[in-house]
Amino acid sequence: MARTPSSDRSAARWAAASGFFGAIAEYYDFALYAPAAALLFGPLFFSPLGNAGAAMASLASFGVAYLVRPVGALIFGQLGDTIGRRRVMLFTLALMGIATVAIGLLPTYAAAGVIGPILLLVCRILQGLAAGIEQSGSGTLSAEHAPDRRRGLYTSWTMIGVSIGWFLGPAIMSPLMAHYDFVMSGGWRIPFLLAAPLVGFAWWVRWHVSEPPATHTLTRRRRLPVVDMLRHYPAHTLRVFLCSLHMLVGVTFNVFILGYATTTLGLSEAAILACISFAGLTTAFTQPLFAALSDRIGRRPVFVASCLGLAICLPGVFWALSTGSILVIGVSMTAFYLIVMAGNVVQAAFYPELFPAHVRLTGVSVATQCGLIVVGFSPVIYSALTSAAGGTWLAGWGFAAACWVAAAAAAWSAPETAGRDDV
């Protein structure tokens, strides 16, 4: 179906806006669980396990959502490749919002016994199912509506939304943690309940997005998209799987570094959360610059440089933590996140460009979410490695560096996709 230039621009803008606000809402909801799991949910929901056991159980509950994200990607990705993107993305956004608000209404273990942690796990599973499709779905919608030569720039708004959403949770949690008694007596519920208006507005924006032209013939295909994906595009599936390890950054900061700084070094929880949030939020808006650069020189060099930069520069953040200076810590985290954002924004256009339309959403979402299983359980991996290494951060850095180098190698092996005219 031909579209006029004006309708083309309007559709592209609504898709970009949907990616932006939808990603803020979904990733605020999803990432809010990270600092809560690291700092609060152990004593609130798992207290009978003792301090160490409760902390481990709380971190494991964080990882459960990553375990089911591939299931959500498989279910909703195939639906999106069969019946279209829009309806699926509206449903999953609503599912995420309902699950997050429900967490804010749950009884704790002290109030309801084992029912509390069981319901917490159920809500976290629902979050994981919804999150399995949000980033890939939003990026795909934006990519399919965007002009060929500006696809990186248009899809960058999804990744800006992801960044803002991921750091908005810690930003709201930070001032609350300065009043620990208030938080533990029920104040922890406030950030979860705030998800309701945020998701409601994002859902309204997404309602205005049209189906992209690339999806008009999807229902004519008989085979399941996942069968075509595995049969005809196994190399691209593996590449996206490995490239998704770039997203280890969020958990590394919100769980591993946060826990190390507050538990091992005794630094203020509120101060470290504030530094993480400041770094993420202030560098998030550099992403269009890196996206535009990838439109000019290609996706691969920008993504690879980011991955290798992360592996090399993470020790600098730990050095900054050792100084105990909040100013030094904030500056180092901000500089580090400039490197993060370069790779973070490229993936929104890079991954969809690797797959044809009839398997695009399935390929991007399933491969990405399978890789994110490693990311989801990295808090447990980090905890085990740090404990085995006698409390030092070096073993954790080795794990993170290996993941980022693998992501860089996978991206470099892929064909360059910038400017393709068949998306």
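Above this text is the structure in question.
Being a predicted model, the structure only gives us computed values, none of them experimental. (Residues numbered from 1 in each chain as written. Predicted model: local features only at pLDDT ≥ 70, side-chain atom pairs only at ≥ 80, totals over all residues. Heavy atoms only, no water.)

Draft legend 1. Here's a closer look at the overall build of the protein. Scanning the protein from N- to C-terminus turns up 21 helices and zero strands. Here the C-alpha atoms of the protein give a radius of gyration of 20 Å, agreeing with the 22 Å that 2.2 N^0.38 yields for 423 residues. Taking the contacts inside the protein whose residues are at least 6 apart along the sequence as the reference set, 86% of them involve residues at least 24 apart. Of the accessible surface of the protein, which amounts to about 15,300 Å², a share of 70% is contributed by carbon and sulfur atoms. (Helix = DSSP H or I, 4+ residues; strand = E, 2+ residues; numbered from the N terminus. Rg over C-alpha atoms; globule rule 2.2 N^0.38 Å. Contact = heavy atoms within 4.5 Å. Areas by Shrake-Rupley, 256 points an atom, 1.4 Å probe, with all protein chains shown as cover.)

Draft legend 2. Just the environment of Val302, in detail. Turning to its location among the elements, Val302 is positioned in helix H17 (residues 299–323). In this structure, the C-alpha to C-alpha distance between Val302 and Val346, residues 44 residues apart in sequence, is 7.3 Å. When residues no more than four places from it in sequence are discounted, the contact partners of Val302 are Phe290, Leu293, Ser294, Ile297, Ala342 and Val346.

Draft legend 3. Geometry of helix H20 (residues 378–388). Those residues of H20 that sit buried are Ser378, Pro379, Tyr382 and Thr386. All buried residues of H20 lie within an arc of 100 degrees about the axis, which places them on one face of the element. Residues of H20 that are exposed and point more than 90 degrees away from the buried face comprise Ser387 and Ala388. Turning to H20, the residues buried within the fold contact helix H4 (50–83), helix H14 (248–264), helix H19 (357–376) and helix H21 (394–413). A positive phi of about 80 degrees marks Gly390, the residue just after H20. (Buried < 20%, exposed > 50% of the residue type's maximum accessible area, 1.4 Å probe, protein only. Arc of directions from axis to C-beta.)

Draft legend 4. Structural context of the packing of aromatic side chains. Applying the stated criterion across every chain, the model contains 26 aromatic pairs. Relative to Trp188, the ring of Phe45 lies with its centre 5.8 Å away and its plane at 80 degrees, an arrangement referred to as edge-to-face. Placement of Phe45 in helix H3 (residues 41–45) and of Trp188 in the loop between helix H9 (180–187) and helix H10 (189–193) is noted, with a sequence separation of 143 residues between them. Here Phe45 and Trp188 have matching classes, each one buried. An aromatic cluster of at least three residues, connected via ring pairs, comprises Phe256, Tyr260, Phe318, Tyr382, Trp393, Trp397 and Phe399. Arg86 extends its terminal NZ or CZ atom over the ring of Trp207, reaching a point 4.5 Å from the ring centre. For the cation-ring pair, Arg124 lies above Tyr33, with the distance from its terminal atom to the ring centre recorded as 4.2 Å. (Phe/Tyr/Trp six-rings, centres within 6.5 Å; stacked < 30°, edge-to-face > 60°. Lys NZ or Arg CZ within 6 Å of the ring centre and 35° of its normal.)

Draft legend 5. Quick peek at a nonpolar patch on the surface. Where nonpolar side chains cluster on the molecular surface, the patch consists of Val114, Ile115, Ile118, Leu119, Val122 and Leu126 and spans about 470 Å² of accessible area. Tracing the backbone shows Val114 in the loop between helix H6 (109–112) and helix H7 (115–145). (Patch = residues over 30% accessible without salt bridge, like charges linked within 9 Å, V, L, I, M, F, W, Y side chains within 5 Å. Salt bridge = Lys/Arg side-chain N within 4 Å of Asp/Glu carboxyl O.)

Draft legend 6. Spatial organisation of the pattern of salt bridges. Per the counting criterion, the structure on display carries eight salt bridges. The shortest N-O distance in the salt bridge between Arg299 and Asp295 comes to 2.7 Å. Here the two residues Arg299 and Asp295 agree in accessibility, since each one is buried. Beyond isolated ion pairs, a larger network of salt bridges with shared partners links Asp81, Arg85, Glu144 and Arg360.

Draft legend 7. Structural view of the packing of helix H15 (residues 269–284) against helix H18 (residues 326–354). Close contact between H15 and H18 brings their axes to 8 Å; oriented N to C, the two are set at 35 degrees. The element H15 and its partner H18 pack so that their crossing is right-handed. Contacts from Ala271, Ile272, Cys275, Ile276, Phe278, Ala279, Gly280, Thr282, Thr283 and Ala284 of H15 reach H18 at Ile326, Ile329, Gly330, Met333, Thr334, Tyr337, Leu338 and Met341. Counted by class, the contact of H15 with H18 contains 13 nonpolar, five polar and no charged residues. (Axes fitted to C-alpha atoms, helices over the stretch in contact; angles between N-to-C directions. Left-handed = near helix turned anticlockwise from the far one by under 90°. Nonpolar A, V, L, I, M, F, W, Y, C, P; charged D, E, K, R; others polar.)

Draft legend 8. Expanded view of H18. For H18, with 29 residues, the first-to-last C-alpha span of 42 Å sits near the 42 Å given by 1.5 Å per residue. For H18, the principal kink sits at Gln347 and spans about 40 degrees. Burial analysis of H18 places 22 of its 29 residues in the buried class, which makes it a mostly covered element. (Expected span 1.5 Å × (residues − 1). Bend = angle between axes of the 7 residues up to and from the residue.)

Draft legend 9. Geometry of the environment of Arg189. Along the chain, the position of Arg189 falls in helix H10. Each C-alpha atom of the pair Arg189 and Leu49 lies 23 Å from the other, and the pair is 140 residues apart in sequence. Aside from chain neighbours lying at most four places away, what touches Arg189 is Ile103, Gly104, Leu105, Leu106, Pro107 and Thr108. Separated by 2.6 Å, the side chain of Arg189 and the backbone oxygen of Leu106 make a polar contact. (Polar contact = N/O pair within 3.5 Å; in protein donor to acceptor, adjacent residues only side chain to side chain.)

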